[in-house]
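A closer look at the structure
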Amino acid sequence: MANDIPMVDLADIGLHHLDKPRESTVDRVANELDSAFSTVGFVYLMNHGVEQQTIDNVFQASKSFFQLPDAIKDVYRCGKPDSESDGYTGKDQEILDVSSLHEIREAYDVASPDGIYPDQHAPEFRKAINKLAPQLSELTTRLLKCMALALDLEEDFFSSRHQFMFHGAERNRTIFRSLYYPTLSDTDIQPGVVRCGAHSDYGAITLLLQDDMGGLEVLSKGEWIPATPIRGTILVNLGDLMQFWTSDRYVATVHRVLVPEEEVRRRSTRQSIAFFVHADNGVMISPIDGSEKHIPVEALAYLKSRISATYK
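Residues numbered from 1 in each chain as written. Predicted model: local features only at pLDDT ≥ 70, side-chain atom pairs only at ≥ 80, totals over all residues. Heavy atoms only, no water.

Relative to each other, helix α2 (residues 52-66) and helix α4 (residues 125-150) sit at 145°, their axes nearing to 9 Å. Between α2 and α4 lies a crossing of left-handed hand. Residues Thr54, Ile55, Asn57, Val58, Ala61 and Ser62 of α2 form the contact with α4, whose participating residues are Phe125, Ala128, Ile129, Lys131, Leu132 and Gln135. Looking at side-chain class alone, the contact of α2 with α4 contains 7 nonpolar, 4 polar and 1 charged residues. (Axes fitted to C-alpha atoms, helices over the stretch in contact; angles between N-to-C directions. Helix = DSSP H or I, 4+ residues; strand = E, 2+ residues; numbered from the N terminus. Left-handed = near helix turned anticlockwise from the far one by under 90°. Contact = heavy atoms within 4.5 Å. Nonpolar A, V, L, I, M, F, W, Y, C, P; charged D, E, K, R; others polar.)

What follows is the structure, encoded as structure tokens:
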């Protein structure tokens with residue numbers, strides 16, 4: 001199908017290659033990302049260089065937290081004065097689609113290695129995330145350079161505006177989010193109840209790592225298509241700010257996670273990891289083609305406006 005999500009082989013752009021990548025690889029990857037982001041808005045990455053065990057360790061450490069009693073998890077609830085960006089989000093606390101009756105998922109966000117972690121109750125959580133997050137930051141930098149070249153910009157046009165990813169919310173609001181979708185009860189199976197409502201992401205790009213349960217769907221040319229988990233790959237999609245930046249050449253595609261029809265999947269937990277990449281605080285986002293298609297917006301101000309509309 002023409003709407004299928006394409007696969008891009010990073011080859012020597014992947015993290016397992018320390019030397020400068022071949023120019024031919026950079027040109028190919030830039031062109032393939034450009035094609036994907038200007039159509040379906042999603043792409044699978046293979047040979048990205050992030051070890052599967054590193055990812056699995058985060059899933060395991062995260063599950064140990066999410067399976068704690070609600071009273072303990074609430075101690076770390078996001079939105080408190082000392083944890084504006086870090087912490088736990090419970091079911092229905094974040095509603096991404098106003099038509100949703102309930103959105104049944106939990107999450108834990110962190111913005112830096114030194115942020116608020118549940119060290120007392122999930123001691124492996126910090127260690128596991130702090131091994132994976134810097135790798136995702138480096139991979140993002142390599143992708144942003146390819147994207148800039150595809151748009152005939154200086155190679156560091158985007159990367160120089162994302163220098164402080166995972167260095168703290170006071171400098172950059174890139175978020176490492178561990179997501180947990182608990183098992184569903186019979187009362188959860190009703191119209192208007194979803195895992196994650198239809199939405200587009202807010203920032204530049206998002207790197208998504210899925211378990212094998214599936215359920216993510218992408219709206220492409222008016223049709224919902226599955227973003228089926230492929231082990232060993234990372235799924236990348238565009239956010240609103242990158243769409244603004246590129247004057248709609250790149251597409252911030254709407255996506256969702258519905259309640260699965262299959263009984264076995266309803267009774268199973270689902271996990272994913274999202275690395276929401278945002279430009280550094282203070283960066284002004286305006287169309288790179290010089291047009292007036294979108295009003296210039298400051299990166300942090302836009303993010304705060306979107307968050308205030310979704311958190312309950």
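As a further point, take the pattern of salt bridges. Per the counting criterion, the structure on display carries 13 salt bridges. The salt bridge partner of Glu138 is Arg142, with a shortest N-O separation of 2.8 Å. Of the two residues, Glu138 and Arg142 are both situated in helix α4; the distance of 4 residues between them amounts to about one turn of the helix. Notably, a salt bridge pairs Asp248 with Lys293, separated by 3.6 Å at the nearest N-O pair. Residue Asp248 is located in the loop between α5 (240-245) and β13 (255-257), and its partner Lys293 is located in the loop between β15 (284-285) and β16 (297-298); the two are separated by 45 residues in the primary sequence. Because the salt bridges share partners, they merge into one network encompassing Asp70, Lys73 and Glu106. (Salt bridge = Lys/Arg side-chain N within 4 Å of Asp/Glu carboxyl O.)

Turning next to the layout of surface pockets. Empty space within the second largest pocket amounts to approximately 340 Å³. What lines the second largest pocket is a set of 13 residues, and nearest its centre among them are Lys20, Pro21, Val26, Lys145 and Glu155. In terms of residue count, α4 provides more of the lining of the second largest pocket than any other element does, 6 residues in total. Counted by class, the lining of the second largest pocket contains 5 nonpolar, 1 polar and 7 charged residues. (1 Å grid on protein atoms, 1.4 Å probe; cavity = no way out; pocket = protein on both sides within 12 Å on 5 of 7 lines; lining within 4 Å. Points joined across faces, edges and corners; volume = space filled by probe spheres on them.)

Right, let's get into the environment of Ser247. Within the fold, Ser247 resides in the loop between α5 and β13. Accessibility expressed as a relative area gives 8% for Ser247, which makes it buried. Along the primary structure Ser247 and Ser286 are separated by 39 residues, whereas in three dimensions their C-alpha atoms are 8.5 Å apart. (Buried < 20%, exposed > 50% of the residue type's maximum accessible area, 1.4 Å probe, protein only.)

Right, let's get into a nonpolar patch on the surface. On the surface, a nonpolar cluster with roughly 220 Å² of combined accessible area is contributed by Met7, Met46 and Ile230. When you line up the elements, Met46 lands in strand β2 (residues 42-46). You can call Met46 partly exposed: its relative accessible area is 31%. (Patch = residues over 30% accessible without salt bridge, like charges linked within 9 Å, V, L, I, M, F, W, Y side chains within 5 Å. Areas by Shrake-Rupley, 256 points an atom, 1.4 Å probe, with all protein chains shown as cover.)

Turning next to the pairing of strand β11 (residues 223-226). Sheet topology note: the strand β10 (residues 216-220)/β11 ladder contains 4 bridges and is antiparallel. Bridge assignment links Leu219 to a residue of β11, and that residue is Trp224. The turn joining β10 and β11, which pair antiparallel and follow one another in sequence, is formed by 2 residues; a positive phi near 55° is taken by Lys221. (Pairing = 2+ DSSP bridges.)

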